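Next come the chains, spelled out residue by residue.
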2 protein chains.
Amino acid sequence: MNYDVIIIGAGPAGYVAAIRAGQVGLKTLLIDKDKVGGMCINWGCIPSKSMIESAKFYYRLNQAEEFGIDGINLSKTSLNWKKAIDRARTISAKMHSGIELLLHKHGVETIIGKAIITAENTISVNKRSITGKNIIIATGSYPIDSDRKGIKSLKALYGLNELPETIAIEGNGAVAVETAQLVNLAGSKTYLVSDSDELVPGVDKYINDYLKKQLKLQGISLIKTNKDISADIWINANQRSAILPESKIKIETTENGFINTNMNLQTNIPSIYAIGDVNGRSSYAHAGSAQGQFVINNIKGVKGGIELGLYPINLYTFPEIAQIGATEQVLQEEDIDYKISEFPLSMNAKAMISGQTEGVVRILSERKYGEVMGVQIIAEHATDMIAEAAAFMEMEATVYDVAKTIHAHPTISEVFMEAGYDAFDKAIHKIK
Amino acid sequence: MNYDVIIIGAGPAGYVAAIRAGQVGLKTLLIDKDKVGGMCINWGCIPSKSMIESAKFYYRLNQAEEFGIDGINLSKTSLNWKKAIDRARTISAKMHSGIELLLHKHGVETIIGKAIITAENTISVNKRSITGKNIIIATGSYPIDSDRKGIKSLKALYGLNELPETIAIEGNGAVAVETAQLVNLAGSKTYLVSDSDELVPGVDKYINDYLKKQLKLQGISLIKTNKDISADIWINANQRSAILPESKIKIETTENGFINTNMNLQTNIPSIYAIGDVNGRSSYAHAGSAQGQFVINNIKGVKGGIELGLYPINLYTFPEIAQIGATEQVLQEEDIDYKISEFPLSMNAKAMISGQTEGVVRILSERKYGEVMGVQIIAEHATDMIAEAAAFMEMEATVYDVAKTIHAHPTISEVFMEAGYDAFDKAIHKIK
């Protein structure tokens with residue numbers, strides 16, 4: 001065999017698997033049809049979050065006077081889409097070359113080209129046939145095609161020099177909602193076009209209801225696909241389906257077209273694994289990265305597994321939203337007796353100090369013993385705050401553990417402790 | 001007895017104890033010589049953090065162009081000290097009335113006046129004699145007097161309409177360093193005047209060394225007290241000593257003048273407790289609040305104690321600094337074999353996206369089993385990020401637990417996971 005591991009696709013699932021494989025001494029080949037970093041680094045999470053950061057910075061200027069800053073004339077400020085894109089591109093490029101350096105450092109070989117699986121242990125790329133003890137498919141996903149004529153991709157949106165007056169975003173899910181808020185903050189009249197009642201599938205109904213209200217408050221029009229509107233540009237941000245690799249042997253898929261995997265993330269061919277978006281388990285980058293590490297650990301025989309089902313959901317909405325563990329709907333389905341404890345940011349000192357009082361922390365706990373079953377956060381820094389919830393859940397903590405953990409004052413993280421106390425109906429700073 | 005609990009001093013130790021006492025059904029009296037909220041809410045943490053937030057916002061305008069924001073002329077912007085103070089005052093007032101409401105809601109009676117302890121279960125205030133089963137002293141602390149003629153208090157600094165050209169801050173510790181950075185960011189030439197080599201006592205030497213370098217880079221002059229400088233105003237931000245209540249009975253103190261307490265925070269008189277700054281255990285607000293809850297829980301017989309020694313240290317420096325658990329120096333003293341794992345923010349995607357790449361996360365773990373012994377963070381949002389470390393330490397987690405907890409991507413919290421992996425010398429994204 002030429003390699004211990006051949007990985008097809010160099011996004012956050014594939015490249016992290018490759019680095020990890022190199023670290024534990026496996027002879028590793030990483031193949032991508034385009035460039036290392038994949039959709040996430042080059043066209044997806046990294047540049048989009050960078051644009052969102054620019055837009056939020058721009059929006060925050062509205063608070064400058066309140067904070068005591070003189071000399072900004074808001075009628076003269078604007079978000080320069082092109083400049084913000086250039087910054088985003090610079091960050092992507094830096095990440096891209098950092099990853100190349102890491103792959104090199106850990107002895108991972110890379111090939112740019114289209115890989116075809118030709119047998120259980122063989123692939124062909126750029127007309128070479130290469131063998132590997134293990135093959136890992138990490139080819140990702142793409143948005144489902146739209147019926148709409150002339151609709152553009154997200155790449156096209158990021159290729160614009162300036163935004164047009166009206167923009168329609170087609171789709172639901174994290175990317176659709178984030179993109180709608182981004183272009184809205186940047187100053188375009190925005191439509192979010194979807195037939196689904198769930199703005200973001202998989203998040204608690206409480207959050208979906210909140211999001212709908214919030215988008216409307218921000219002036220974003222939620223419309224159904226059959227409604228007639230005119231927009232200068234339409235963007236396809238639909239739900240995603242798997243990008244299947246070309247294969248001479250049968251690799252089984254689910255009814256939705258994702259690659260079928262068992263608990264070890266093996267396909268129907270035991271030497272072939274599938275990780276990341278392509279297996280349909282999650283479309284979050286960190287879930288894919290964790291799957292990559294999990295598979296390499298298993299191949300190498302490293303003990304102490306990663307709990308793949310326990311990962312945060314992070315939405316770079318405005319304000320941010322994050323969730324981990326079970327939703328109310330899941331707990332109800334599973335007939336678990338649960339309690340909701342919550343604490344609003346509006347009563348948190350640091351949130352007032354930061355001028356970011358929109359939001360809430362909700363802890364869902366099992367009623368009898370108090371184990372934390374799920375956490376939902378709406379807050380300006382929710383995507384970072386969810387890490388605390390992940391820590392508690394990883395350690396199987398109860399709400400009592402959360403309550404007795406001393407939190408620094410004044411910090412926004414105090415809402416956790418308060419929500420923990422609220423489980424006894426005894427939050428210290430809760431008025432209502 | 002008139003009351004179950006009489007609390008003297010309504011700062012974050014006293015008022016939280018009072019709310020908690022009301023919640024668990026104790027008949028409670030809270031006495032303060034000035035107003036509810038104490039130094040923290042009215043003159044200390046809350047208004048100072050609000051001012052720091054204004055100054056950081058102002059400083060961040062330097063990044064506006066890089067983020068793609070057009071139309072800000074930096075030569076025309078300035079931080080209006082008076083306006084920022086007014087905002088800080090508004091937040092303090094809101095917190096103050098929120099606390100009054102909470103005290104009322106939980107049935108706590110309050111008296112404004114000077115309390116004198118007249119016997120083991122008796123105090124006198126405003127010429128009334130009042131009895132209580134338990135008396136809790138929470139009278140706080142004040143900065144040690146300076147020899148310097150004409151030196152002003154922090155209150156005076158916050159009373160200015162605009163800052164003078166040069167300011168000298170006398171002292172070391174969190175308040176001194178935060179205040180020096182605040183006035184420096186706001187545009188004054190700043191001197192930090194102290195004979196101590198430790199800028200902030202109690203934090204790791206690594207952080208003290210970092211702080212010294214950082215202050216110099218920011219143009220703040222660190223000078224010794226004997227060096228002659230001329231400044232328009234001198235501010236006393238010296239270390240603090242206890243404010244002892246007047247007492248007709250002997251309440252024992254330590255050699256540094258703080259009230260002596262046992263493990264239950266009882267003084268030499270078992271019916272009299274001391275919590276917060278006055279017992280000299282910690283000068284952090286949340287440590288005082290936790291002590292307040294701890295004492296009330298003990299009085300009421302609620303089980304499941306709070307670990308009073310495990311609390312975060314939070315510095316609103318620029319960037320922020322936070323720490324929990326043991327420092328290297330403590331581990332060395334205790335002869336514990338430890339390992340340092342660290343990960344720099346400069347290699348974190350979200351830190352690049354936010355333009356806040358200054359900083360590091362360091363985890364100190366016991367070498368054999370990997371238990372997390374201490375965590376230090378330098379990062380723009382370190383004071384919130386330390387909550388994750390507190391969660392892991394509360395649950396007695398190992399670095400392996402930290403590493404296998406899936407963190408959302410892209411978030412700054414990923415540095416924790418990386419630092420966890422670094423404990424195996426295997427951080428995914430670490431180049432050096």
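In the block above lies the structure referred to throughout.
Q: What is the right way to read the sheet that holds strand E10 (residues 166–170) of chain B from this model?
A: All names here are of chain B. Strand order in the open sheet made by the four strands is E12-E11-E10-E13, with parallel pairing throughout. Among the strands making up the open sheet, the edge pair consists of strand E12 (221–223) and strand E13 (233–236). Direction aside, neighbouring strands of the sheet carry axes that sit 25 degrees apart on average. Direction of pairing for E10 relative to E13: parallel, over a ladder of four bridges. Across the sheet, residue glutamate 170 finds its bridge partner in E13, namely asparagine 236. Against the sheet, helix H6 (residues 174–185) touches E10 and strand E11 (189–193), its axis set at about 170 degrees to E11.

Q: I would appreciate a short explanation of the relation of the copies chain A and chain B in the present structure.
A: Look at the two chain copies: a rotation about an axis and a shift along it is all it takes to match them. Between the two copies, chain A and chain B, the superposition gives an RMSD of 0.0 Å; the rotation angle is 180 degrees and the shift along the axis is 0.0 Å. The symmetry that links the two subunits is that of a two-fold axis. For chain A, the residue whose C-alpha comes nearest the rotation axis is glutamate 388 of chain A, separated from it by 2.1 Å. Mapped onto chain B, 100% of the interface residues of chain A are again interface residues, and the two copies thus contact each other with one and the same surface.

Q: How should I be thinking about the packing of aromatic side chains in this particular structure?
A: For any pair of aromatic rings, the description consists of the separation of the ring centres together with the inter-plane angle of the planes. Residue and element names in this part refer to chain B. Inspection of every chain in the model, using the stated rule, returns seven aromatic pairs over all chains. Centroid distance tyrosine 59 to phenylalanine 318: 4.9 Å. Interplanar angle 80 degrees. Geometry classified as edge-to-face. One end of the pair, tyrosine 59, is in helix H3 (residues 45–60); the other, phenylalanine 318, is in the loop between strand E17 (313–315) and strand E18 (321–325), and 259 residues separate them in sequence. Here phenylalanine 318 falls in the buried class, since its relative accessible area comes to 16%. Relative to tyrosine 158, the ring of tryptophan 81 has its centre 6.5 Å away and its plane inclined at 20 degrees; by these criteria the two rings are stacked. Of this pair, tryptophan 81 sits in helix H4 (residues 81–105) while tyrosine 158 sits in helix H5 (residues 154–158), and the two are 77 residues apart along the sequence. Tryptophan 81 sits in the buried class, given a relative accessible area of 3%. Over the aromatic face of phenylalanine 67 sits the side chain of arginine 60, whose NZ or CZ is 5.2 Å from the ring centroid.

Q: For this particular structure, what's the right way to read unusual backbone geometry?
A: Comment: phi is negative for the bulk of residues other than glycine, and the bulk of peptide bonds are trans. Look at the link from phenylalanine 318 of chain A to proline 319 of chain A: it is a cis peptide, with omega at 0 degrees. Relative to the helices and strands, proline 319 of chain A resides in the loop between strand E17 (313–315) and strand E18 (321–325). Of note in the backbone geometry, asparagine 126 of chain B takes a positive phi value of approximately 45 degrees without being a glycine. One can find asparagine 126 of chain B in the loop between strand E7 (122–125) and strand E8 (128–137). Residue asparagine 126 of chain B is classed as partly exposed on the basis of its relative accessible area of 49%.

Q: It is not clear to me how the interface of chain A and chain B should be interpreted in this structure. Could you clarify?
A: Where the parts come together, the accessible area they lose is often given as the size of the interface. At the junction of the two partners, chain A supplies 92 residues and chain B supplies 92 residues. Buried surface at the junction of chain A and chain B, both sides included, amounts to about 8300 Å², of which 63% is carbon and sulfur. Among the residues of chain A in contact with chain B, Phe57, Ile406 and Ile428 of chain A are the three that bury the most area, contributing 10% of the side total. Linking chain A with chain B are eight salt bridges. Glutamate 66 of chain A is the salt-bridge partner of arginine 87 of chain B, the closest N and O atoms lying 3.3 Å from each other.

Q: Honestly, the environment of alanine 168 of chain B in this entry has me stumped. Any pointers?
A: Residues and elements named next belong to chain B. Here alanine 168 lies in strand E10. Along the chain, alanine 168 and leucine 310 lie 142 residues apart, while their C-alpha atoms are 34 Å from each other. In contact with alanine 168, other than residues within four places in its own chain, are Tyr191, Val193, Ile229, Ala231, Ile233, Trp234 and Ile235.

Q: Help me understand the packing of helix H1 (residues 14–23) of chain B against helix H8 (residues 285–300) of chain B in this model?
A: The description of two helices packed together rests on the angle between their axes and the distance between the axes. Residues and elements named next belong to chain B. Where H1 meets H8, the closest approach of the two axes is 8 Å, and the angle between their N-to-C directions is 35 degrees. Crossing of H1 against H8: the hand is right-handed. Contacts between H1 and H8 involve Val16, Ala17, Arg20 and Ala21 from the former and Ser289, Gly292, Gln293, Ile296 and Asn297 from the latter. For the contact of H1 with H8, the residue count by class is four nonpolar, four polar and one charged.

Q: Honestly, the pattern of salt bridges in this entry has me stumped. Any pointers?
A: Close approach of charged atoms lets side chains of opposite charge pair. In total, this model carries 33 salt bridges over all chains according to the counting rule given. Among the salt bridges present, the one from aspartate 70 of chain A reaches lysine 83 of chain B, with a minimum N-O distance of 2.6 Å. You can see aspartate 70 of chain A sitting in strand E3 (residues 69–70) and its partner lysine 83 of chain B sitting in helix H4, one on each of two chains. Between aspartate 86 of chain B and lysine 82 of chain B there is a salt bridge, and its shortest N-O distance comes to 3.1 Å. Here the residue aspartate 86 of chain B and the residue lysine 82 of chain B both occupy positions in helix H4, the gap between them amounting to four residues, near one helical turn. Residues joined by salt bridges that share partners form a network here, namely Asp204, Glu328, Glu342 and Arg362 of chain A.

Reading the values: rules and limits
Residues numbered from 1 in each chain as written. Chains lettered and ligands numbered in written order. Predicted model: local features only at pLDDT ≥ 70, side-chain atom pairs only at ≥ 80, totals over all residues. Heavy atoms only, no water. Pairing = 2+ DSSP bridges. Helix = DSSP H or I, 4+ residues; strand = E, 2+ residues; numbered from the N terminus. Axes fitted to C-alpha atoms, helices over the stretch in contact; angles between N-to-C directions. Contact = heavy atoms within 4.5 Å. Least-squares fit on C-alpha atoms with pLDDT ≥ 70 in both. Phe/Tyr/Trp six-rings, centres within 6.5 Å; stacked < 30°, edge-to-face > 60°. Buried < 20%, exposed > 50% of the residue type's maximum accessible area, 1.4 Å probe, protein only. Lys NZ or Arg CZ within 6 Å of the ring centre and 35° of its normal. Buried area = accessible area lost by both parts, 1.4 Å probe. Salt bridge = Lys/Arg side-chain N within 4 Å of Asp/Glu carboxyl O. Left-handed = near helix turned anticlockwise from the far one by under 90°. Nonpolar A, V, L, I, M, F, W, Y, C, P; charged D, E, K, R; others polar.

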